[in-house]
Amino acid sequence: MATTTSQPPAPSKKVNRLNLAQADYKGKPSTLCKGCGHDSISSQLIKAFYEYGVEPHRVAKLSGIGCSSKTPAYFLNRSHGFNAVHGRMPSVATGSVLANRDLVAVGVSGDGDTASIGIGQFVHLLRRNLPIVYIVENNGVYGLTKGQFSATADLGSKLKTGVINDLPAIDLCSLAVELGATYVARSFAGDPKQVVALLKGAFGHNGTAVIDIISPCVTFNNHAGSTKSYSWGKENEELIQEVDFIPFFEEIDVDYEEGSVMNVELHDGSHVVLKKLERDYDPTNRRRALDLLLDSDEKEEFLTGLIYLDTEKKNLIDLLNVVDEPLATLPLERTRPPQSALDEIMDALK
Amino acid sequence: MSTQALAGEKERDEKKAVVNDFSIQVATVNGSGSQSSNNVLMRAIFQMGVPVSGKNLFPSNIQGLPTWFTIRASKHSYIARKREIDLLVAMNAQTAREDVQALTPGSAVVYEESLGLDELRDDLVFYPVPFGALAREVIDETRLRKLLANMIYVGVVGSLLSIDKNEIRLAIEKQFKKKAKAVELNLKAIKIGFEYAETHLTKSDPLKIERMDQTANKILIDGNAAGALGSMFNGVTVVTWYPITPSSSLVESLIDYMKVHRLDEETGKATFAVVQAEDELAAVGMVLGAAWAGARSLTSTSGPGISLMSEFVGLGYFAEIPAVIWDIQRVGPSTGLPTRTAQGDVLSTYLLSHGDTKHLLLFPASVSECFDFGGVSFDLAERFQTPVFVMSDLDLGMNIWMSDPFSYPEQPIDRGKVLDAEALEKVGDWGRYRDVDGDGIPYRTLPGTNHDNAAYFTRGSGHNDQAEYTERPEDYSKTMARLARKFETARQHVPQPVVHEEDGAEIGIVAYGTTHWAIVESRDQLRAESDIKTSYFRLRALPLTPDLESFIEKHDRVYVTEQNRDAQMLQIMRMELAHRPDLIAKLRSILHFDGHPIDARSVTEQLLDQEGDR
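Residues numbered from 1 in each chain as written. Chains lettered and ligands numbered in written order. Predicted model: local features only at pLDDT ≥ 70, side-chain atom pairs only at ≥ 80, totals over all residues.

1. Here's the deal with the overall build of chain B
Here is the rule we go by: Secondary structure counts use DSSP, requiring at least four H or I residues in a row for a helix and at least two E residues in a row for a strand, with both numbered from the N terminus. Values of the radius of gyration come from C-alpha atoms, whereas the globule rule sets the reference at 2.2 Å times the count of residues to the power 0.38. Exposure is read from a count of other C-beta atoms within 10 Å of each residue's own; the residue is exposed at 12 or fewer, buried at 20 or more and partly exposed in between. C-beta atoms are placed from the backbone. A residue pair is marked as a contact if its C-beta atoms, positioned from the backbone, fall within 7 Å.
Secondary structure assignment for chain B yields 21 helices and 23 strands. Relative to the globule expectation of 25 Å for 614 residues, the C-alpha radius of gyration of chain B, 27 Å, shows essentially globular dimensions. On the principal axes, the C-alpha backbone points of chain B span a range of 85 × 65 × 40 Å. A buried classification covers 54% of the 614 residues belonging to chain B. Within chain B, contacts between residues separated by at least 24 positions form 75% of all contacts whose residues are at least 6 apart in sequence.

Here it is as structure tokens:
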């Protein structure tokens, strides 16, 4: 329930292009454990939405079940939210966007919700290239049921109880690239700057944007032997590139050294600016993206950044060729064919 | 009164013609194209003004297994399945002998000559026809020859029953529409059939079709197409589905109709979206997501799909989200009799999901009710913000039924209690789950509503009036009590029963859905043959409406008739009438569960049997 009323901001107050303050993007207080990676991601979501100037009423927050799926209550109080069924957020999100194509769908899921119970719906969401920002808050364990391994736990990683994971991890980014997502990134909750840039890029994208964010569980998976802990992440994170974002309403005023950056224009006219680090990587090449992921898996590297981007592919709503207005609120005269149509149909059946 | 249909036992009198009151069964091999032939035969009789009904009894198979099609002509307009077969067309070597053995004495058999069926019995009328050899006269190609052999029997039967050749020609043109080559070939096959019968067969059975005027202005349609039309004319915008027999044709018809009638005039773009989901869980998830965002959305499925939807439907109940779910019921699990009909999902669907859930169920009995409920289901779902199930079945959904043309829905649709930005501005303070009007139904807002107070957070049962998270016992109890109150309000608004009370009748009959047609005929049988008067209460929805109690009160014995083994509706009545043990004591059960549509004779026999024991 929206309790924040829109008082005209005081002149000194910092506001975005919609004249909204960052506080207008806040949610309820979190009930997650202190220090949870997910709370950090919620904060970056608030920041990204605020800085981008997304109208809160246009956002639909969708989630499944689990710690991660609770978080939509902790940002954007002025947006509708739907905490749905375990692993089935993709279908609810699909329905919502079909009903109202003007919605900015933000799905928040976890590794259990996406990689296990929900993997069926996840892969079909990817295949449809539904316009959605799909965030996986990935900590390798089930938190709400107290610390069992999830399907993204790395081979050989250790539970607090000493149990060793003897099955290979499902790489959600590989799945996403392979099955049709058009914006695929990996990040780390301990790297807020990158998270914000990748989120903004996803907001400007017009298809399925999957961001797999390693988000440590401070209670069940933050110990030595875990490959999803803060310290492991901080020690091992390797940036694919430096991600910067320039929204459509700002001029590109930085001069980059020739060949040092890659600048990709997004659907809404915004740009992701990818600054080269050690490797020369082109995220618009699908084959390269899959190679990169396979390679990093073999070398047990923790690569973060923008892995794949395709700005050309049609999304589900375009493919369905639906009218420009939201279907949900079309007036009856546009959804009830005339009497003559029924007469014609009846005559053919006589 | 014609004794043929009513006496139960056939007293054949060759001199006395049996006109427009018999059933034809065509036994063929699945995938042999017999469906077109059967449709042509049925339509030709229909065009002669004679009431008809067709029942396709088909296997779960693409090609090769036996299949039967029954056409009933009834001058009394009885359109339930008739148990006894009067004319068998035996085209399938696999089942021919068994089919012939099952016939009652005096029946007629048209059969492929090489099967030598006439040796089996001497109390039937046999018409051998060399279908294979005749088809070769029309065409050489083996596959087409099989199709044409099926059309030849239409000619043979047409000749034997005196069906107007011209009506058959018109039916063929309708069936094959603009495919000139197909029309020509099939007409040739018909001609060969007629000529063979005229020159080689001597009519020695009493069956005959004569022109009537009972089908003028009627339509022929299946229930799934009717439901699709009802949905299209009542503003459906989002459709999701996972293919499952016998429900697939509902969405397929809807797609076909909407592609023509639901494109925006100016832009040519669709005023609808259809998604074939990855499974039924996703299908219903999409429906809930779309309805949450304000669209009229539906999915269509059958029993196994309903099971998969269970979890989501529970969430829909507690989070109070509209959904329309068509259940085209069939027999049990997927590896069973998935292409046979039943009313077997009633009890489980009524209570589908976990944690005190119950739902609104509609029971269409006819294709026109399928059309009407296409709109009623949405009005109820949006008014009550809850999943609504339309409980059709394979018999209604996939078979072709005669009907008056559907009436154009003139009334506006009911979109329920939705607050838009303007309304929010007026009301000021609101709460998603507050019972403002005392009817248990709260107000909702749609995502995308441009108002600072519009948003709320949707989750299961753990919410208070303001949709805030809570696990407080009093909040939960309050929510549950309000949901129960909402259900009581719905009781007054679901389609009311259709009741026929006979003066002085001791016996009442309760039925629903397709069982209706057997009841109509059985009541006539009971009156004519046994001088038994019955009253009839046709249920059209759950929850039960209060007038059921008064109906039971007025009768000594009430037979609840349904197509399942466990008397599911009777169980629901016992549950809901727990406060009236005197009424429960009057309830009896008539059941039919062999996978075939229920027939009047079976009802009459069971009722008389139980009356004898009383």
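Don't stop here, the text continues.
2. Side note on the overall build of chain A
Along the backbone of chain A there are 12 helices and 13 strands. On C-alpha atoms alone, chain A measures out to a radius of gyration of 21 Å, which is about the 20 Å that the 2.2 N^0.38 rule sets for 350 residues. Dimensions of chain A, computed from the C-alpha atoms along their principal axes, are close to 75 × 55 × 45 Å. Looking at chain A as a whole, 53% of its 350 residues qualify as buried. Pairs at least 24 apart in sequence give 71% of the contacts found in chain A among residues at least 6 apart.

3. Quick look at the nonpolar core
Heads up, the condition is: Nonpolar cores are built from buried Ala, Val, Leu, Ile, Met, Phe, Trp, Tyr and Cys residues. These are joined into a set through C-beta atoms within 7 Å.
In this structure, A:Ile307, B:Ile45, B:Val109 and B:Ile152 are the most contacted members of the largest nonpolar core, which totals 271 residues. Excluding its chain neighbours within four sequence positions, the residues that come into contact with B:Ile45 are B:Val50, B:Val52, B:Ile71, B:Ala73, B:Ile163 and B:Ile209. Counting residues in hydrophobic clusters, the runner-up holds 7 residues, among them A:Tyr142, A:Ala153, A:Ala169 and A:Cys217.

4. A look at the interface of chain B and chain A
The cut-off we apply is this: The nonpolar class holds Ala, Val, Leu, Ile, Met, Phe, Trp, Tyr, Cys and Pro. Asp, Glu, Lys and Arg form the charged class, and all remaining residues, Gly among them, are polar. Paired strands, as defined in this entry, are two strands with at least two bridges between them according to DSSP.
Across the boundary between the two partners, chain B contributes 62 residues, which contact 53 residues of chain A. Ranked by the residues each element gives to the side of chain B that touches chain A, the list is headed by helix 10 (residues 280–292) of chain B, at 9 residues. Across the side of chain B that touches chain A, the residue classes break down as 36 nonpolar, 17 polar and 9 charged. With 2 bridges joining them, strand 2 (residues 80–83) of chain A and strand 17 (residues 457–458) of chain B adopt parallel strand pairing. Across the sheet, residue A:Phe82 finds its bridge partner in strand 17 of chain B, namely B:Thr458.

5. Some details on the sheet that holds strand 7 (residues 183–188) of chain A
Pairing between the strands of a sheet is mediated by backbone hydrogen bonds and can be parallel or antiparallel. Pairing in this open sheet of 9 strands is mixed, and the strands run 9(A)-13(A)-7(A)-8(A)-4(A)-3(A)-1(A)-2(A)-17(B) from one edge to the other. Two strands lie at the open edges of the sheet, namely strand 9 (237–239) of chain A together with strand 17 of chain B, each paired on one side alone. The sheet contact formed by strand 9 of chain A and strand 13 (residues 302–309) of chain A spans 3 bridges and is parallel. What sits directly across from A:Glu237, in strand 13 of chain A, is A:Phe302.

6. Considering the pairing of strand 23 (residues 587–591) of chain B
Residue and element names in this part refer to chain B. Only one face of strand 23 is covered, namely the face carrying Arg588 and Ile590; the face carrying Leu587, Ser589 and Leu591 is uncovered. Sheet analysis places strand 22 (residues 557–562) next to strand 23, joined by 5 bridges and oriented parallel. Bridging from a neighbouring strand, Tyr559 pairs with Arg588 of strand 23.

7. Concerning the environment of B:Ser23
Residues and elements named next belong to chain B. Locating Ser23 in the fold gives a position in strand 2 (residues 21–29). Under the C-beta neighbour-count criterion, Ser23 is labelled buried, with 23 such atoms within 10 Å. Separated by 277 residues in the primary sequence, Ser23 and Ser300 have C-alpha atoms spaced 32 Å apart. Setting aside residues no more than four positions away along its own chain, Ser23 makes contact with Thr70, Ile71, Arg72, Lys82, Ile85 and Asp86.

8. Overview of unusual backbone geometry
Peptide bonds are, in most cases, trans, and in most cases residues other than glycine have a negative phi. Note the cis peptide between B:Thr245 and B:Pro246, where omega equals 5°. Here B:Pro246 lies in the loop between strand 10 (238–241) and helix 9 (248–261). The linkage connecting B:Leu542 with the following residue, B:Pro543, adopts the cis geometry, with an omega of 5°. Within the fold, B:Pro543 resides in the loop between strand 21 (541–542) and helix 18 (547–553). Phi is positive for A:Asn129, close to 50°, though the residue is something other than glycine. With respect to the helices and strands, the residue A:Asn129 is situated in the loop between helix 5 (119–128) and strand 4 (132–138). With phi around 75°, A:Lys146 is a residue other than glycine that occupies positive phi space. With 10 C-beta atoms packed within 10 Å, A:Lys146 lands in the exposed category.

9. As for the domain arrangement of chain B
Rule in force here: Domain start and stop positions are those given by an automatic or database domain assignment.
Domain boundaries assigned for chain B yield domain 1 (3–208), domain 2 (221–403), domain 3 (421–474) and domain 4 (498–612). Put simply, the middle of domain 1 of chain B and the middle of domain 3 of chain B, counted by C-alpha atoms, are 62 Å apart.

10. Here's the deal with the sheet that holds strand 12 (residues 271–276) of chain A
Residue and element names in this part refer to chain A. Note the cut-off: Axis geometry follows a simple rule: fit a line to the C-alpha atoms, using only the stretch in contact for helices, then measure angles between N-to-C directions, giving values from 0 to 180 degrees.
The antiparallel open sheet is built from 3 strands, whose spatial order is 10-12-11. Because the sheet does not close on itself, it has two edges, and the strands there are strand 10 (241–246) and strand 11 (261–265). Strand-to-strand twist in this sheet, taken as the mean axis angle between neighbours without regard to direction, amounts to 20°. Judged from the 6 bridges that link them, strand 10 and strand 12 form a sheet pairing that is antiparallel. If you follow Asp244 over to strand 12, its bridge partner there is Val273. Sheet contacts for helix 7 (residues 192–204): strand 10 and strand 12; angle to strand 10, the most-contacted strand, approximately 55°.

11. Quick word on the pairing of strand 12 of chain A
A regular strand places its side chains on the two faces of the sheet in alternate fashion. Residue and element names in this part refer to chain A. Here strand 11 runs beside strand 12; their pairing, made up of 5 bridges, is antiparallel. Across the sheet, residue Val261 finds its bridge partner in strand 12, namely Lys275. In textbook terms, the turn of a hairpin is the stretch between consecutive antiparallel strands, and for strand 11 and strand 12 this stretch comprises 5 residues, one of which, Gly269, has a positive phi near 95°.

12. Some thoughts on helix 8 (residues 223–232) of chain B
Counting buried positions along helix 8 of chain B yields 10 of 10 residues, so the element is predominantly enclosed. Turning to helix 8 of chain B, its buried residues number three or more, namely B:Gly223, B:Asn224, B:Ala225, B:Ala226, B:Gly227, B:Ala228, B:Leu229, B:Gly230, B:Ser231 and B:Met232.

13. Remarks on the environment of A:Ala84
In this fold, A:Ala84 is placed in the loop between strand 2 and helix 3 (89–99). Remark: the alpha-carbon pair of A:Ala84 and A:Leu316, spanning 232 residues in sequence, is separated by 22 Å.

14. Description of the packing of helix 5 (residues 142–160) of chain B against helix 7 (residues 180–200) of chain B
Residue and element names in this part refer to chain B. Note the threshold: Roughly parallel refers to an angle under 35 degrees, roughly antiparallel to one over 145, roughly perpendicular to one between 65 and 115, and oblique to any angle outside these ranges. Two helices cross in a left-handed way if the nearer one is turned anticlockwise from the farther one by less than a right angle. They cross in a right-handed way if the turn is clockwise.
Running from N to C, helix 5 and helix 7 cross one another at 45°; their axes reach a closest spacing of 7 Å. Taken as axis vectors, helix 5 and helix 7 run oblique relative to one another. Remark: the crossing between helix 5 and helix 7 carries right-handed chirality. Judged by residue contacts, Leu148, Met151, Ile152, Tyr153, Val154, Gly155, Val156, Gly158, Ser159 and Leu160 of helix 5 engage Leu185, Asn186, Ala189, Ile190, Lys191, Ile192, Gly193, Phe194, Tyr196, Ala197 and Glu198 from helix 7. Considering only residue class, the contact of helix 5 with helix 7 consists of 14 nonpolar, 5 polar and 2 charged.

15. A look at helix 3 of chain A
Within helix 3 of chain A, 11 of the 11 residues are buried, which leaves it mostly tucked inside the rest of the structure. The complete set of buried residues in helix 3 of chain A reads A:Met89, A:Pro90, A:Ser91, A:Val92, A:Ala93, A:Thr94, A:Gly95, A:Ser96, A:Val97, A:Leu98 and A:Ala99.

16. So, the confidence of the model for chain B
Just so we agree on the cut-off: pLDDT is defined as a per-residue confidence score from the predictor, taking values between 0 and 100.
Mean pLDDT over chain B stands at 94; residues scoring 70 or higher make up 97%. Confidence estimates for the predicted assembly give a pTM of 0.95 and an ipTM of 0.95.

17. Here we look at the packing of helix 1 (residues 37–52) of chain A against helix 7 of chain A
Residues and elements named next belong to chain A. Look at helix 1 against helix 7: their axes get within 9 Å of each other, and the N-to-C directions meet at 50°. In terms of orientation, helix 1 and helix 7 fall into the oblique class. In this structure, the crossing between helix 1 and helix 7 has a hand that is right-handed. Contacts from Ser40, Ile41, Gln44, Leu45, Lys47, Ala48, Glu51 and Tyr52 of helix 1 reach helix 7 at Pro192, Val195, Val196, Leu199, Lys200 and Phe203. Per-class residue counts for the contact of helix 1 with helix 7 are 9 nonpolar, 2 polar and 3 charged.

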